[in-house]
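# Geometric and topological summary
If you want the building blocks of each chain, they are given just below.
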Number of protein chains: 2
Amino acid sequence: MLVRVGPGEGEGEHDDGAEHGLGESGEVRGAVARVDPAEDRGQHALLGEGQRVAVDGVKVCERITDDALRLAPWDRALEEWARSYRAAFAAHPRAIPLLMTTPVRAPRVLAQYERAVELLLAAGFAVERVMPLLTGLENLVLGSALDLAAPEAMWEPTARTPLPARALGAVGEGRADAAFELALAAQLAYARTLLAADADAGGGPGTEAGPGTGGGSRRGG
Amino acid sequence: MLVRVGPGEGEGEHDDGAEHGLGESGEVRGAVARVDPAEDRGQHALLGEGQRVAVDGVKVCERITDDALRLAPWDRALEEWARSYRAAFAAHPRAIPLLMTTPVRAPRVLAQYERAVELLLAAGFAVERVMPLLTGLENLVLGSALDLAAPEAMWEPTARTPLPARALGAVGEGRADAAFELALAAQLAYARTLLAADADAGGGPGTEAGPGTGGGSRRGG
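Residues numbered from 1 in each chain as written. Chains lettered and ligands numbered in written order. Predicted model: local features only at pLDDT ≥ 70, side-chain atom pairs only at ≥ 80, totals over all residues. Heavy atoms only, no water.

- Chain A is annotated in an unreviewed UniProt entry as Tetracycline repressor TetR C-terminal domain-containing protein from Streptomyces subrutilus.

### Quick look at the overall build of chain A
- Secondary structure summary: chain A contains 9 helices and 0 strands in total.
- Mapped in sequence order, the helices and strands of chain A form the string α-α-α-α-α-α-α-α-α.
- The buried share among the 221 residues of chain A stands at 56%.
- Within chain A, contacts between residues at least 6 apart in sequence are counted, and of these 74% link residues at least 24 apart. (Helix = DSSP H or I, 4+ residues; strand = E, 2+ residues; numbered from the N terminus. Buried < 20%, exposed > 50% of the residue type's maximum accessible area, 1.4 Å probe, protein only. Contact = heavy atoms within 4.5 Å.)

### Here's the deal with unusual backbone geometry
- Note that the residue after Ala72(A), namely Pro73(A), is joined by a cis bond; omega there is -5 degrees.
- Position of Pro73(A) among the secondary structure elements: in the loop between α3 (49-68) and α4 (74-90).

### Points about the relation of the copies chain A and chain B
- Note on the copies: chain A fits chain B at an RMSD of 0.0 Å, the axial shift is 0.0 Å, and the rotation between them is 180 degrees. With respect to symmetry, the two chain copies, as superposed, fit the operation of a two-fold axis.
- Of the residues that chain A buries at the interface, 100% are likewise interface residues in chain B, meaning the two copies contact each other through the same surface. (Least-squares fit on C-alpha atoms with pLDDT ≥ 70 in both.)

### Brief notes about the interface of chain A and chain B
- The partner chain B presents 77 residues to the 77 residues of chain A that form the contact.
- Interface area for chain A against chain B, summed over the two sides, is near 6600 Å², with a carbon-plus-sulfur share of 68%.
- In this assembly, chain A and chain B are joined by 0 salt bridges.
- Those elements that place two or more of their residues in the side of chain A that touches chain B are α1 (26-33), α5 (96-101), α6 (107-123), α7 (127-148), α8 (163-171) and α9 (175-201) of chain A.
- The greatest single-element share of the side of chain A that touches chain B, amounting to 15 residues, is contributed by α7(A).
- When grouped by side-chain class, the residues that make up the side of chain A that touches chain B number 45 nonpolar, 14 polar and 18 charged. (Buried area = accessible area lost by both parts, 1.4 Å probe. Salt bridge = Lys/Arg side-chain N within 4 Å of Asp/Glu carboxyl O. Nonpolar A, V, L, I, M, F, W, Y, C, P; charged D, E, K, R; others polar.)

### What about the nonpolar core?
- Formed by 102 residues in total, the largest nonpolar core has its most connected members in Trp74(A), Leu120(A), Phe125(A), Trp74(B), Leu120(B) and Phe125(B).
- Per element, the largest residue contribution to this core is 11 residues, and it comes from helix α7 (residues 127-148) of chain B. (Core = buried A, V, L, I, M, F, W, Y, C linked by side-chain atoms within 4.5 Å.)

### What about the packing of aromatic side chains?
Residues and elements named next belong to chain B.
- Counted according to the given criterion, the structure contains 6 aromatic pairs over all chains.
- On the basis of an interplanar angle of 90 degrees and a centroid distance of 4.9 Å, the ring pair of Trp-74 and Phe-125 is categorised as edge-to-face. In this pair, Trp-74 is assigned in helix α4 (residues 74-90) and Phe-125 in the loop between α6 (107-123) and α7, connecting sequence segments 51 residues apart. Comparing Trp-74 with Phe-125, the two get one shared label, buried. (Phe/Tyr/Trp six-rings, centres within 6.5 Å; stacked < 30°, edge-to-face > 60°.)

### Some points on the pattern of salt bridges
- For the structure shown, the criterion picks out 12 salt bridges over all chains.
- Salt-bridge contacts for Asp75(A) lead to Arg192(A); the nearest nitrogen and oxygen are separated by 2.9 Å. Remark: Arg192(A) occurs in helix α9 and Asp75(A) occurs in helix α4; sequence separation between them is 117 residues.
- The partly exposed category is assigned to Arg192(A), whose relative accessible area is 25%.
- The salt bridge involving Asp198(B) is made with Arg129(B); its shortest N-O contact spans 3.0 Å.

### Description of the packing of α6(B) against α7(B)
Residues and elements named next belong to chain B.
- Contact geometry of α6 with α7 gives a least axis separation of 9 Å together with a crossing angle of 120 degrees. What the angle tells us is that α6 and α7 run oblique. As for how α6 packs across α7, the hand of that crossing is right-handed. Of the residues in α7, those touching α6 at Tyr-113, Ala-116, Val-117, Leu-120 and Leu-121 are Val-127, Val-130, Met-131, Leu-133, Leu-134 and Glu-138. (Axes fitted to C-alpha atoms, helices over the stretch in contact; angles between N-to-C directions. Parallel < 35°, antiparallel > 145°, perpendicular 65-115°, else oblique. Left-handed = near helix turned anticlockwise from the far one by under 90°.)

### Re α8(A)
- Residues of α8(A) that are buried include every one of Leu163(A), Pro164(A), Ala167(A) and Leu168(A), and no others. Viewed along the axis of α8(A), the buried residues span an arc of 130 degrees, placing them on a single side of the element.
- Of the surrounding elements, those touching the buried residues of α8(A) are α9 of chain A together with α6 and α7 of chain B.
- Looking one or two residues past α8(A), Gly172(A) carries a phi angle of roughly 80 degrees, positive in sign. (Arc of directions from axis to C-beta.)

### A closer look at α6(B)
- Taking 1.5 Å as the rise per residue, α6(B) with 17 residues should run 24 Å; its terminal C-alpha atoms sit 24 Å apart, in good agreement.
- Residue Gly124(B) follows α6(B) closely and has a positive phi angle near 115 degrees. (Expected span 1.5 Å × (residues − 1).)

### Let's talk about the side chain of Thr101(B)
- Here Thr101(B) lies in helix α5 (residues 96-101).
- Here the side chain of Thr101(B) touches Pro97(B) through a polar contact of 2.8 Å, landing on its backbone oxygen. (Polar contact = N/O pair within 3.5 Å; in protein donor to acceptor, adjacent residues only side chain to side chain.)

### Brief notes about the packing of α7(A) against α7(B)
- In the contact formed by α7(A) and α7(B), the axes pass within 7 Å of each other and the chain directions differ by 110 degrees. Regarding the angle of α7(A) to α7(B), the classification is roughly perpendicular. Where α7(A) crosses over α7(B), the handedness of that crossing is right-handed. Each of Thr135(A), Gly136(A), Asn139(A), Leu140(A), Gly143(A), Ser144(A), Leu146(A) and Asp147(A) in α7(A) lies in contact with α7(B), whose residues at this interface are Thr135(B), Gly136(B), Asn139(B), Leu140(B), Gly143(B), Ser144(B), Leu146(B) and Asp147(B).
- The residue inventory of the contact of α7(A) with α7(B), partitioned by class, reads 4 nonpolar, 10 polar and 2 charged.

Okay, structure coming up:
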């Protein structure tokens, strides 16, 4: 879910907190969910350190994903969005569980989803592919952001279990980056395959899979 | 990371707690990290409800992944492992951040990684692919488990942002399952492609990508 919470656009739509979620993160959730320009600065001063970090992380990520989703073609936009989204949240791992389980209401955040869906529809994806594609990529991004917060030395092998150490030694430094890069490449490659299938099925040009053209079936609301 | 913590095998290797991680989950981390057969039953009785849930979730998942990793061929094993791993942790989302950031020391958990690495080496993957492949899939699995703990109605669209609602309507019930299935298929398809490339490069049979044979280059420690 691109960015779940952020400054509204003066429409007074606040997230009123948590009807669902992870109990232990309640204090952070409340702080993040209620960020709003009218009260932002005053409230920020009242937050604890962990809460300020979470709120700031959300704001940083919001700006980044705004820019990424304006890129073309669609797969370049998705790739840049995924990278910047992971980097922003890797610095704020405590914010991840609550962001993933709090409904999206802030108008500016909803506008980002609007742009992301529009991007993939314009590229030619079947409408039923779009949210699974975006959400699956988000799940990978946020899981990978948590992994980036883990120690580089995550396994402590013994004489009886030498293979993980050997496999990790072959990767070298940056095991979390290597895992994310491989999985991101997998998602983008599969998305290109799906686009080709959707183009064939939908009466499109029926060409081989490739980066989207960026043209086409933009739909208004 | 398959399952980070579980009953040891009587070798007295306890996880001594958390040198790294997410502060707010410290109380759960301590409980999970120290599970050991010698003290398991007694300690379990002393845990709070949330801690017991986390510990039980880890144990359930441990059994499931043990079985999945014995399947053949390798891609069936990975697929079943991913599905059961996600299902087990979806019921215990609070355990996810701490499991992802706590080093693995328990012998039985290390033995699971040993088996997973062995599985992929035997299938023919280049050694440097193995941990990125496993970790990337794990990141997707655990991110998707968090998503499964989120509300079905995750977005509350407005008149100005109609596209997410339309895209979600095309998916129907089970948006989290649809996202996970798409992303899992992407990871498995890409892994098959990588295996074909590794077979070509490594002097293997050089055949088209397909499920691994399960035979071959098993390496001792």
